[in-house]
Amino acid sequence: LHKANPTLLKRVVEEYPRAIFVLLHTSYPFTRDAAWMASVYGNVYMDIGLAYPLLSQRGMKNVLEDMLELCPYSKIMYSSDS
């Protein structure tokens, strides 16, 4: 998973500031990194879909807390993958 960290996209996000980037499934297990990117870059958003059914109750709580601590609420999206 070392190449799955969303911070590896920083150069691309900066190079294409008009493009919208949605980091899917809370970028788990890199939720804090993704939330940081969404707070720093105006064109980065986070998605909470599908991560929740795969985590334990404690895991869901931790991921949500990590995301809400850093990511602006207006940049959190939900997808059902259906």
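> How should the nonpolar core be read in this particular structure?
Note on soluble globular proteins: their nonpolar side chains tend to be buried together. Within the largest apolar cluster, 13 residues are counted, with the highest numbers of intra-cluster contacts made by Val 13, Met 37, Val 44, Met 46 and Cys 71. The greatest single-element share of this core, amounting to four residues, is contributed by helix 2 (residues 31-40). Ignoring anything within four residues of it in the chain, the contact list for Val 13 reads Phe 21, Met 37, Tyr 41, Asn 43 and Val 44.

> Sorry if this is basic, but what is going on with the pattern of salt bridges here?
Note that side chains of opposite charge can pair when their charged atoms are close. Inspection of every chain in the model, using the stated rule, returns three salt bridges. Ionic pairing is found between Asp 66 and Arg 32, a salt bridge with its closest N-O pair at 3.7 Å. With Asp 66 in helix 3 (residues 57-70) and Arg 32 in helix 2, this pair connects stretches of sequence that are 34 residues apart. Classification of Asp 66 by relative accessible area gives partly exposed; the value is 25%.

> Quick question: what am I supposed to make of the pairing of strand 2 (residues 44-47) here?
For a regular strand, the rule is simple: side chains alternate between the two faces of the sheet. Relative to strand 2, strand 1 (residues 21-23) runs parallel, the two sharing three bridges. Directly across from Val 22, in strand 2, lies its bridge partner Tyr 45. The handedness of the strand 1 to strand 2 crossover, carried by helix 2, is right-handed. Relative to strand 3 (residues 76-77), strand 2 runs parallel, the two sharing two bridges. Opposite Met 46, over in strand 3, you have Ile 76 as the bridge partner.

The rules behind each value
Residues numbered from 1 in each chain as written. Predicted model: local features only at pLDDT ≥ 70, side-chain atom pairs only at ≥ 80, totals over all residues. Heavy atoms only, no water. Core = buried A, V, L, I, M, F, W, Y, C linked by side-chain atoms within 4.5 Å. Buried < 20%, exposed > 50% of the residue type's maximum accessible area, 1.4 Å probe, protein only. Helix = DSSP H or I, 4+ residues; strand = E, 2+ residues; numbered from the N terminus. Contact = heavy atoms within 4.5 Å. Salt bridge = Lys/Arg side-chain N within 4 Å of Asp/Glu carboxyl O. Pairing = 2+ DSSP bridges. Right-handed = clockwise from strand over helix to strand, strands pointing away.

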